Amino acid sequence: GINVNGKAEDTMIYRLIEENEVEYADIYNIKSFEFGCGRIFYVLKDNEPYIRLVIDDGFFKDIVILNGYVFIGDYTNGVKVFNLKDYTINNIDVDGYFGHFHIDNDTLFVLGCSNVMAFDKSSKVIWKSKDIAIDGILFDHISNNIMYVKCEMDPPGGWETRCINISNGMIE
């Protein structure tokens, strides 16, 4: 769509900042959405305050922005996908628990308790890997279309490296 300034909505640049990074005097006249309490973030739209988001604070809680979507990860509640254009929310179940996000180009990876999910820039699930861990997955690096992750196989401390093809989610 077209916004009031005549700029196409899909060319808007969204950026996420924490509350302590805000340099604006008037941030109280913007929409606010609460997904918990403790951490406050602002979405900037073309460098102007656009939306205030509140999420829970604690371990295995994270928030990232990809294209026009905010992904909010929560240890026990999975992932919420918040559409910045129409304010709709999509809940994504994560097997076991949510762990971490990683963005590579226009793909968001959700690393959970036992597997990895990939989302495209329009927030659609591209693939979901088979179970590759028992109690957690940590991102290591991507090389030649292969994601290397550390997988907890024998808690505590039984970490093993696994490889996932980022095009299709197949274990290499």
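Up top is the structure these notes are about.
The paragraphs below set out a description of the structure included in this document. Note that the coordinates shown come from a computational prediction; the quantities given were computed from them, not determined experimentally.

In terms of regular secondary structure, the protein is built from zero helices and 15 strands. The C-alpha atoms of the protein give 17 Å as radius of gyration, which agrees with the globular expectation for 172 residues (16 Å, within 12%). Taken over the C-alpha atoms alone, the protein extends approximately 50 × 30 × 25 Å along its principal axes. Sequence-distant contacts, at least 24 apart, represent 31% of the contacts inside the protein between residues at least 6 apart. Accessible area for the protein stands at about 9,200 Å²; split by element, carbon and sulfur atoms hold 46% of it. Distance from the positive charge centre (15 side chains) to the negative charge centre (27 side chains) of the protein: 5 Å.

Counted according to the given criterion, the structure contains five salt bridges. A salt bridge links Lys61 to Asp74; its shortest N-O distance comes to 2.8 Å. Here Lys61 is found in strand S5 (residues 61-66), whereas its partner Asp74 is found in strand S6 (residues 69-74), with 13 residues between them in sequence. By the burial criterion, Lys61 is buried, and Asp74 matches it. The partner of Lys128 in a salt bridge is Asp95, with the nearest N and O atoms 3.1 Å apart.

Counted under the stated rule, the structure contains zero disulfides. The thiol of Cys113 is unpaired, and the distance to the nearest cysteine sulfur, on Cys151, comes to 11 Å. Cysteine Cys151 is unpaired, with the sulfur of Cys163 as its nearest cysteine sulfur at 9.2 Å. Residue class for Cys151 comes out buried when judged on its relative accessible area of 0%.

This part covers the sheet that holds strand S8 (residues 89-92). The four strands are arranged S5-S6-S7-S8 in an open sheet whose pairing can be described as antiparallel. In this open sheet, the two strands that pair with only one neighbour each are S5 and S8. In this sheet, neighbouring strand axes are inclined to one another by 20 degrees on average, regardless of whether the strands run parallel or antiparallel. Sheet analysis places S6 next to strand S7 (residues 78-83), joined by six bridges and oriented antiparallel.

Below, the discussion takes up the side chain of Ser129. The topology assignment puts Ser129 in the loop between strand S12 (125-128) and strand S13 (137-143). Looking at Ser129, the relative accessible area reads 5%, which means it is buried. Contact partners of Ser129, with chain neighbours within four places excluded, come to Asn115, Val116, Ile164, Gly169 and Ile171.

What counts and what doesn't
- Residue numbers restart at each chain and count upward from 1, following the sequence in its written direction.
- Local features in a predicted model are, by the rule used here, given only for residues with pLDDT of at least 70; side-chain atom pairs are given and counted only at 80 or more, and totals for whole chains, interfaces and linings are based on all residues.
- Working from all heavy atoms in the structure, the side-chain values ignore hydrogens and water.
- Helix numbers and strand numbers start at the N terminus; a helix is a DSSP run of H or I with at least 4 residues, a strand a run of E with at least 2.
- Atoms counted for the radius of gyration: C-alpha only. Globule rule: 2.2 Å times the number of residues to the power 0.38.
- Whether two residues are in contact is decided by their heavy atoms: any pair within 4.5 Å suffices.
- Surface accessibility follows the Shrake-Rupley procedure with a 1.4 Å probe radius. Residue values consider only the protein chains on display as shielding.
- When charges are tallied, Lys and Arg are placed among the positive residues and Asp and Glu among the negative ones, while His and the ends of the chain are skipped.
- We put the charge of a Lys on NZ, of an Arg on CZ, of an Asp on CG and of a Glu on CD.
- One side-chain nitrogen of Lys or Arg within 4 Å of one carboxyl oxygen of Asp or Glu is enough to make a salt bridge.
- Any residue under 20% of the maximum accessible area for its type is buried, any over 50% is exposed, and the rest in between are partly exposed; the area is computed with a 1.4 Å probe on protein chains only.
- By disulfide we mean two sulfur atoms from cysteines, separated by a distance within 2.5 Å.
- DSSP calls a pair of strands paired once it identifies at least 2 bridges connecting them.
- Angles run from 0 to 180 degrees between N-to-C directions of axes, and those axes are lines fitted to C-alpha atoms, restricted for helices to the stretch in contact.

In short, shape yes, function no, at least from these values alone.
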